[in-house]
Amino acid sequence: MRHGKKFNHLGRTASHRRALLSNLAIALITHKRINTTVAKAKALQTYVEPLLTKSKTDDTNNRRVVFSYLQDKEAVTELFRTIAPKIANRPGGYTRIIKTGFRLGDGADTAMIELVDFNDIYTNTKVEKKATTRRSKKSTKTEEAAPAAETESTEEA
């Protein structure tokens, strides 16, 4: 019986599982997005999110703790130099898992796991609020027409 067993063992020994999650975390940090199975993605999410939280404060102890999990200098420097400033004011939820269907060879359920702040499609689009009065809508139409007229006059010159 598996009472109280809270994480997926992924059919591996403890050392093999630790090595697998370390390699997946290094790949996620360096490439910002990887494709794997859903079970591995969920296990990786619980493994890498505390490391991302530790990277928010850049001091020697946190670097040593993260290095003990990853064992890769390039991944640790990438994490502390480029990823940590982007996630500095995010209170959690640094990764996103998107299911991508089934693998052809064995039918395994696959997923893409990515760092949330490094997806340009979702982070750059901002929803503009609608104007509450008709008067402001009319003024925006005239303001949009004015820059177009200026660009035409600059092209002629």
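In this report, the structure presented in the accompanying data block is examined. (Residues numbered from 1 in each chain as written. Predicted model: local features only at pLDDT ≥ 70, side-chain atom pairs only at ≥ 80, totals over all residues. Heavy atoms only, no water.)

### Topic: the nonpolar core
Heads up, the rule is: Residue types Ala, Val, Leu, Ile, Met, Phe, Trp, Tyr and Cys, when buried and joined through side-chain atoms within 4.5 Å, form a set referred to as a nonpolar core. With a 1.4 Å probe rolled over the protein chains alone, any residue whose accessible area is under 20% of its type maximum counts as buried; one over 50% counts as exposed, and the rest are partly exposed. Labels follow the DSSP assignment, with helices taken as runs of H or I lasting at least four residues and strands as runs of E lasting at least two, numbered in each case from the N terminus. By definition in these notes, contact holds between two residues if any of their heavy atoms fall within 4.5 Å.
Ranked by internal contacts, the top residues of the largest apolar core, which has 29 residues, are Leu 28, Leu 44, Leu 52, Val 66, Leu 70, Leu 79 and Ile 83. Counting residues per element, the ones that place at least two in this core are helix H1 (14–31), helix H2 (38–54), helix H3 (60–70), helix H4 (73–86) and strand S3 (109–115). Contacts of Val 66, omitting those with residues within four sequence positions, involve Leu 51, Lys 54, Val 76, Leu 79 and Phe 80.

### A closer look at the packing of aromatic side chains
Formally: Put simply, two rings from Phe, Tyr or Trp (the six-membered ring, in Trp's case) pair if the centres are within 6.5 Å, and we call them stacked under 30 degrees between planes, edge-to-face over 60, tilted for the rest. As a reminder, the over-ring test applies to NZ of lysine and CZ of arginine, requiring each to be within 6 Å of the ring centre and within 35 degrees of the ring normal.
Across all of its chains, the model carries one aromatic pair by this definition. Aromatic pair Tyr 47 and Tyr 69: ring centres 5.9 Å apart, planes at 75°, arrangement edge-to-face. Within this pair, whereas Tyr 47 is found in helix H2, its partner Tyr 69 is found in helix H3, the two being separated by 22 residues in sequence. Given the relative accessible area of 14%, Tyr 47 is considered buried. Between Lys 32 and the ring centre of Phe 118, over which it is positioned, the NZ or CZ distance is 5.3 Å.

### Re the sheet that holds strand S2 (residues 95–102)
We count it as follows: Two strands qualify as a pair provided DSSP detects at least 2 bridges between them. Where helices are involved, their axes are fitted lines through C-alpha atoms of the stretch in contact, as for all axes, and angles between N-to-C directions lie from 0 to 180°.
With antiparallel pairing, the three strands of this open sheet are ordered in space as S1-S3-S2. Two strands in the sheet have a free side with no partner beyond their single neighbour: strand S1 (33–37) and S2. Across the sheet, the mean angle separating the axes of adjacent strands is 25° when strand polarity is ignored. Bridging between S2 and S3 involves seven bridges; their strand directions are antiparallel. Following the sheet pairing, Phe 102 is matched in S3 by Asp 109. Sitting on the sheet, H1 is in contact with S1, S2 and S3, with an inclination near 145° to S1.

### Concerning the packing of H3 against H4
Packed helix pairs are characterised by how far apart their axes lie and by the angle those axes make with each other. Just so we agree on the cut-off: Roughly parallel refers to an angle under 35 degrees, roughly antiparallel to one over 145, roughly perpendicular to one between 65 and 115, and oblique to any angle outside these ranges. Handedness of a helix crossing follows the sense of rotation of the near helix relative to the far helix, less than a right angle counterclockwise being left-handed and clockwise being right-handed. Residues are sorted three ways: Asp, Glu, Lys and Arg are charged, Ala, Val, Leu, Ile, Met, Phe, Trp, Tyr, Cys and Pro are nonpolar, and all the rest, Gly among them, are polar.
Where H3 contacts H4, the axes come no closer than 9 Å and their chain directions differ by 135°. Here H3 is positioned oblique relative to H4, judged by the angle of their axes. Once H3 is placed against H4, the crossing between them reads as right-handed. Taken together, the residues of H4 that come into contact with H3 (itself represented by Asn 62, Arg 63, Val 66, Phe 67 and Leu 70) are Lys 73, Ala 75, Val 76, Thr 77, Leu 79 and Phe 80. When grouped by side-chain class, the residues that make up the contact of H3 with H4 number seven nonpolar, two polar and two charged.

### A closer look at the pairing of S3
Of all seven residues in S3, six are buried, a share of seventy percent or more. Judged from the five bridges that link them, S1 and S3 form a sheet pairing that is antiparallel. Among the inter-strand pairings, Thr 37 is bridged to a residue of S3, identified as Thr 110.

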